[in-house]
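So you can see what is in the structure, the chains are spelled out below.
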Amino acid sequence: MQPTVKIFTGNSNPALAEKIAKRYGNGIGKLQIQKFSDGEFQPVYMESIRGDYVFLIQSTNAPADNLMELLLMIDAAKRASAGYITAVIPYFGFARQDRKDKPRVAIASKLVANLLTSAGANRVITMDLHAPQIQGFFDIPVDHLDSSAIFIPYIENLRLENLTFASPDVGSTNRVREVASYFNAEMVICDKHRKRANEIASMVVIGDVVDKDIVLIDDIIDTAGTLTKAANLLIEKGAKSVRAFCTHPVLSGKAYENIENSVLKELVECDTMPLKQESSKIKVISVAELFAVAIRNMYENKSITSLFVHSQRRGM
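Cut-offs and rules
- Residues numbered from 1 in each chain as written.
- Predicted model: local features only at pLDDT ≥ 70, side-chain atom pairs only at ≥ 80, totals over all residues.
- Heavy atoms only, no water.
- Helix = DSSP H or I, 4+ residues; strand = E, 2+ residues; numbered from the N terminus.
- Rg over C-alpha atoms; globule rule 2.2 N^0.38 Å.
- Buried < 20%, exposed > 50% of the residue type's maximum accessible area, 1.4 Å probe, protein only.
- Contact = heavy atoms within 4.5 Å.
- Areas by Shrake-Rupley, 256 points an atom, 1.4 Å probe, with all protein chains shown as cover.
- Lys, Arg positive; Asp, Glu negative; His and termini not counted.
- Charge placed at Lys NZ, Arg CZ, Asp CG, Glu CD.
- Core = buried A, V, L, I, M, F, W, Y, C linked by side-chain atoms within 4.5 Å.
- Salt bridge = Lys/Arg side-chain N within 4 Å of Asp/Glu carboxyl O.
- Polar contact = N/O pair within 3.5 Å; in protein donor to acceptor, adjacent residues only side chain to side chain.
- Pairing = 2+ DSSP bridges.
- Axes fitted to C-alpha atoms, helices over the stretch in contact; angles between N-to-C directions.
- Phe/Tyr/Trp six-rings, centres within 6.5 Å; stacked < 30°, edge-to-face > 60°.
- Lys NZ or Arg CZ within 6 Å of the ring centre and 35° of its normal.

Asker: So what's going on with the overall build of the chain? Residues and values would help.
Answerer: Regarding its fold elements, the chain presents 9 helices and 14 strands. Scaling as 2.2 N^0.38, a compact globule of 316 residues should have a C-alpha radius of gyration of about 20 Å, and the chain matches this with 20 Å. With the C-alpha coordinates aligned to their principal axes, the bounding extent of the chain is approximately 60 × 45 × 35 Å. In the chain, buried positions account for 53% of the 316 residues. A separation threshold of at least 6 residues defines the contact pool for the chain, and within that pool the share at least 24 residues apart is 61%. In the structure as shown, the chain presents an accessible area of about 14900 Å², 48% of it carried by carbon and sulfur atoms. Across the chain, the 37 positively charged side chains and the 36 negatively charged ones have centroids separated by 1 Å.

Following this line, the structure appears as structure tokens:
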């Protein structure tokens, strides 16, 4: 008998999980996360998953309970004799800690990779890791999806006359260059220097932005300090308009205030994690279709290469 696909979700982003399951053609499986009075919790599968392909949809954004939930869900599935366990992590938390950039610090993304593997995951599907090389921290297969497959159609529909792409920092250069190459457009870089985490000391623009319609692209927006400072600087340097596209809306601290007070025309984000509040400048587009197709192709042993080529994706 062919193993069946069963999709479950924790508490980090059930709305996205519902969309993915609906797009795939399944409902969300029956899973209860029982809580004790002291805050401890225990995932319990309320249906048999023996021999099944189990997909666990859970972003690992703060609080750390989201990561712990996922680990316990994986462990419970393994002990319930699931045939194949895939952790579907739209936002892979702790990815910014991918190296020792100062003495005596943890490499948290490597630790999380070890935890997921030790818990019993057979595969990981995620999107826009802060550093693509984090895939190398895993000893299991990682399918690393790219949000450009979603952003590119939106940008095409804007029909901007003098389209130029901008990287809000040097670390996003490769990601932005790929999208700029698709449009055969120019690219500029906003080079920043930090005093400390979430605090920018200075920033300069490398490239010509006069009378250009700028599209900023980044993977994570946290306090929105870097993004809004870059947008303001681009306008000061003569840009005609500035929009931003970010995959993961962490949006902590004064992020919403910074966005509302910025010169950004709009901020387009994915639903890899739920927004804490609404904003007139924020537009959300869903990654559900992309993840649903990735799940189907994985289950049917098909290539997911087409998900990275926009022209092919239209025919799915």
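Having seen it, we continue.
Asker: Please provide a residue-by-residue account of the nonpolar core, values included.
Answerer: Membership of the largest hydrophobic core comes to 44 residues, with the highest contact counts inside it found for Phe 55, Leu 145 and Phe 165. Considering each element in turn, this core owes the most residues, 9 residues, to helix H8 (residues 288-299). In this view, Leu 145 contacts Ile 125, Thr 126, Met 127, Asp 128, Leu 290, Phe 291, Ala 294, Ile 304, Leu 307 and Phe 308; residues no more than four positions away in its chain are not counted.

Asker: I'd like a description of the pattern of salt bridges, backed by residues and values.
Answerer: In the structure shown here, the tally under the stated rule is 15 salt bridges. Where Lys 6 meets Asp 52, a salt bridge forms, and the shortest distance between an N and an O atom there is 3.3 Å. Of the two residues, Lys 6 is situated in strand S1 (residues 5-9) and Asp 52 in the loop between strand S3 (41-45) and strand S4 (53-57); the sequence distance between them amounts to 46 residues. The class for Asp 52 is buried, based on a relative accessible area of 8%. Notably, a salt bridge pairs Arg 296 with Glu 300, separated by 3.8 Å at the nearest N-O pair.

Asker: Could you give an account of the side chain of Asp 128, naming the residues involved and the relevant values?
Answerer: Considering the arrangement of structural elements, one finds Asp 128 in the loop between strand S6 (123-127) and strand S7 (142-145). Here Asp 128 sits buried without a salt bridge, and the closest side chain of opposite charge, Arg 175, lies 4.4 Å off (N-O distance). Side-chain polar atoms of Asp 128 contact the side chain of Thr 247, separated by 2.5 Å.

Asker: Let's hear about the sheet that holds S7: which residues, and what values?
Answerer: Taking strand neighbours across the sheet as the criterion, the 5 strands line up as S1-S4-S5-S6-S7 in an open arrangement whose pairing is parallel. A single partner strand is all that each edge strand has here, and the edge strands are S1 and S7. Within this sheet the neighbouring strands show an average axis-to-axis angle of 20 degrees, counted without direction. The pairing of S6 with S7 spans 4 bridges and is parallel. Across the sheet, the residue bridging to Ile 125 is Asp 143, located in S7. Relative to S6, H8 is tilted by about 155 degrees, and along the sheet it contacts S1, S4, strand S5 (84-89), S6 and S7.

Asker: Could you give me a rundown of the packing of aromatic side chains, with the residues and numbers involved?
Answerer: How two aromatic rings sit relative to each other is given by the distance of their centres and the angle of their planes. According to the stated counting rule, one finds 8 aromatic pairs in the structure shown. Both rings, one in Phe 165 and one in Phe 183, keep their centres 5.4 Å apart while their planes meet at 35 degrees; by these two values the pair is tilted. Of this pair, Phe 165 sits in strand S8 (residues 163-167) while Phe 183 sits in helix H5 (residues 173-183), placing them 18 residues apart in sequence. Under the relative-accessibility criterion, Phe 165 is labelled buried at 0%. For Phe 183, a relative accessible area of 21% gives the class partly exposed. A cation over a ring is seen here: Arg 296 above Tyr 24, with NZ or CZ 4.2 Å from the ring centre.

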